[in-house]
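# Examination of the molecular architecture
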Amino acid sequence: MKQTIRKAAVVLAALALGTAGLSACAQDSSPAAQAAAADDGKITVGYSGYTVSNPFFAGLVKGLENGAKTHGYELITTNANGDPNQQISDVQNLLNRGVDYLAINPADGKAIAGAVEEAKKRGIPVFALADTIDAPVDVTLSQDHVKAGKLAVDEIATFLEKKNGSVKGKVVDIMGMAGSPAANGREKGFKEAVAEHAGIDVVATQDGGWDTAKANAIMTDILQANPEIDAVFCANDAEAVGVTAAIQAAGRWKPIGDKEHIYVIGIDAPKPAIEDIRSGLQDASISQQPVKMSEKMIDLIADMAAGKSVEKNVEWPSQLITKDNIDSAEVKSYGVWADAL
């Protein structure tokens, strides 16, 4: 009954507003008609994603689809193609279509705040998925990105101590996309952990934009400027794959265990990185399992719909994956999500 009342209110609001852009999947140019069409008795979940070009974000969509099927929910997804302004429009369109719950993976945690406030005015619960939003959402389900950055430095420190006899060496920092809360958190964790090791010399810091090609070009230049590099921290594995390729192209790749090996660690564990880890090209990844994470988010929506208490901040566990442990019971239990896509 509450869902029907809410949707009726959305129809009236849409009639009053009279205009809003439609997503590519809309069947009618009228927001009111979209909202009415959505009122088929099912719970409708709207998802605003900022991209699907990165395998991690495709994993989020896969998990949402799995969860919606399990619970019998209707799922409407949008893709902003990396444009924060498009994502704001996408959220408005989802609201006009009469969704009951809204999930957002933000391109920019601050830019999307106004759209979240609009959802709250309409009484639509908002879930931040795999990242944080600078607005009062109902639930945030995400990896602790600061912890992930620190864990990466811990692994680099272990490598440096084994290689050089103490935690000392030259390290490159390839940051995530500027403006992304996940990138900010991972960089914060990286810097805080590096500050604990006086022997770590960060010789270069660049924004890799979550992108393989961009990270590859950046690392190519960094390699030319720095004849000595011991390790590279990449804010995600799309960047790590580009970095590894640059190291190979420069003729500076050496196998794990070689005294000239450059250690590379990333975050997220998509298929290209997992393949590089299995083949020994990349050292490690810190996975956050997007498929299971977004399935969990649908479970939380189901709990909320049933009137159950739902924790406001749900931390999704991370898992270090290396060539040595990828076939272990621990990693198999956590799941190598790249193998499921």
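Relevant structure appears above.
From a predicted model like this one, the values you see are computed outputs, not experimental measurements.

### Points about the overall build of the protein
Across its full length, the protein holds twelve helices and twelve strands. Per-residue burial for the protein yields a buried fraction of 53% across its 341 residues. A total of about 14,300 Å² of accessible surface is found on the protein, and carbon and sulfur atoms cover 51% of it.

### Concerning helix H7 (residues 181-194)
The end-to-end C-alpha distance of H7, which contains 14 residues, comes to 20 Å, matching closely the 20 Å that a straight helix rising 1.5 Å per residue would cover. Most of H7 is tucked away: ten of the 14 residues are buried. Three or more residues of H7 are buried, namely Pro181, Ala182, Ala183, Gly185, Arg186, Glu187, Gly189, Phe190, Ala193 and Val194. As for H7, its buried residues are in contact with strand E5 (139-143), helix H6 (145-164), strand E6 (169-175), strand E7 (200-207), strand E8 (231-234) and strand E9 (263-268).

### What to know about the nonpolar core
It is characteristic of soluble globular proteins that their nonpolar side chains tend to be buried jointly. If you look at the biggest cluster of nonpolar residues, it comprises 42 residues, and the most contacted ones within it are Leu60, Tyr73, Phe127, Leu129, Leu141, Met297 and Ile301. Within the second largest apolar cluster, 19 residues are counted, among which are Val153, Phe190, Ile267 and Ile286.

### Looking at the layout of surface pockets
The calculated volume of the largest pocket comes to roughly 400 Å³. For the lining of the largest pocket, the element with the most residues is H6, which contributes five residues. Split into classes, the residues belonging to the lining of the largest pocket amount to four nonpolar, four polar and eight charged. The computed volume of the second largest pocket comes to approximately 230 Å³. Around the second largest pocket, the lining comprises 14 residues; the ones closest to its centre are Thr51, Ser53, Asn54, Trp210 and Asp211. A breakdown of the residues in the lining of the second largest pocket according to their chemical character gives six nonpolar, seven polar and one charged.

### Examining the sheet that holds strand E4 (residues 126-129)
Here six strands make up an open sheet; going across it, the order is E2-E1-E3-E4-E5-E11 and the pairing parallel. Pairing within the sheet leaves two strands with one partner each, and these edge strands are strand E2 (74-79) and strand E11 (313-316). Mean inter-strand twist for the sheet, computed between neighbouring axes without regard to direction, equals 15 degrees.

### Observations regarding the environment of Thr205
Inspection of the secondary structure puts Thr205 in strand E7. Thr205 sits in the partly exposed class, given a relative accessible area of 38%. A sequence separation of 13 residues divides Thr205 from Ile218, and the C-alpha atoms of the two residues are 9.7 Å apart. Residue contacts for Thr205: discarding those within four places in its chain leaves Asp173, Met175 and Glu187.

### A look at helix H10 (residues 271-279)
Here H10 has its buried residues at Ala273, Ile274, Asp276 and Ile277. The buried residues of H10 occupy one face: seen down the axis, they fall within an arc of 160 degrees. Contacts made by the buried residues of H10 are with helix H9 (237-249), strand E10 (284-287) and strand E12 (319-322).

### Describing the sheet that holds E12
Within the open sheet, the six strands sit side by side as E7-E6-E8-E9-E10-E12. Their pairing is mixed. For this open sheet the edge positions go to E7 and E12, each flanked by a neighbour on one side alone. Taken over all neighbouring pairs, the strand axes of this sheet differ in orientation by 20 degrees on average, direction set aside.

### Things to note about unusual backbone geometry
Note on backbone geometry: most residues besides glycine have negative phi, and most peptide bonds are trans. Despite not being glycine, Asn81 shows a phi value in the positive range, around 55 degrees. Looking at where Asn81 falls in the secondary structure, it is placed in the loop between E2 and helix H4 (84-96). The exposure class of Asn81 is exposed, given its relative accessible area of 60%. Phi angles above zero are rare outside glycine, and Ala130 is one such case at about 65 degrees. Secondary-structure assignment places Ala130 in the loop between E4 and E5. The exposure class assigned to Ala130 is buried, which follows from its relative accessible area of 4%.

### Focus on empty space enclosed by the protein
Scanning the model with the defined rule gives one cavity of 30 Å³ or more in all. Looking at the largest cavity, its volume works out to about 110 Å³. Forming the walls of the largest cavity are 15 residues, and the residues nearest its centre are Phe56, Phe57, Ala182, Arg186 and Trp210. Elements supplying a minimum of two residues to the lining of the largest cavity: helix H3 (55-71) and H7. In the lining of the largest cavity, the residues fall into six nonpolar, six polar and three charged.

### Topic: the pattern of salt bridges
What the rule picks out here adds up to eleven salt bridges. Note that Asp230 is salt-bridged to Lys163, the shortest N-O span being 2.7 Å. Of this pair, Asp230 sits in the loop between helix H8 (212-225) and E8 while Lys163 sits in helix H6; the two residues are 67 residues apart in sequence, bridging distant segments of the chain. One salt-bridge network, in which partners are shared between bridges, spans Lys150, Lys188 and Glu192.

### Considerations on the side chain of Arg252
Relative to the helices and strands, Arg252 is located in the loop between H9 and E9. The buried charged residue Arg252 lacks any salt bridge partner; its closest oppositely charged side chain belongs to Glu260, at an N-O distance of 7.6 Å. At 2.7 Å, the side chain of Arg252 and the backbone oxygen of Leu223 are in polar contact.

Thresholds, definitions, all that
- Residues numbered from 1 in each chain as written.
- Predicted model: local features only at pLDDT ≥ 70, side-chain atom pairs only at ≥ 80, totals over all residues.
- Heavy atoms only, no water.
- Helix = DSSP H or I, 4+ residues; strand = E, 2+ residues; numbered from the N terminus.
- Buried < 20%, exposed > 50% of the residue type's maximum accessible area, 1.4 Å probe, protein only.
- Areas by Shrake-Rupley, 256 points an atom, 1.4 Å probe, with all protein chains shown as cover.
- Expected span 1.5 Å × (residues − 1).
- Contact = heavy atoms within 4.5 Å.
- Core = buried A, V, L, I, M, F, W, Y, C linked by side-chain atoms within 4.5 Å.
- 1 Å grid on protein atoms, 1.4 Å probe; cavity = no way out; pocket = protein on both sides within 12 Å on 5 of 7 lines; lining within 4 Å.
- Points joined across faces, edges and corners; volume = space filled by probe spheres on them.
- Nonpolar A, V, L, I, M, F, W, Y, C, P; charged D, E, K, R; others polar.
- Pairing = 2+ DSSP bridges.
- Axes fitted to C-alpha atoms, helices over the stretch in contact; angles between N-to-C directions.
- Arc of directions from axis to C-beta.
- Salt bridge = Lys/Arg side-chain N within 4 Å of Asp/Glu carboxyl O.
- Lys, Arg positive; Asp, Glu negative; His and termini not counted.
- Polar contact = N/O pair within 3.5 Å; in protein donor to acceptor, adjacent residues only side chain to side chain.

Any link to function would need more than the numbers given here.
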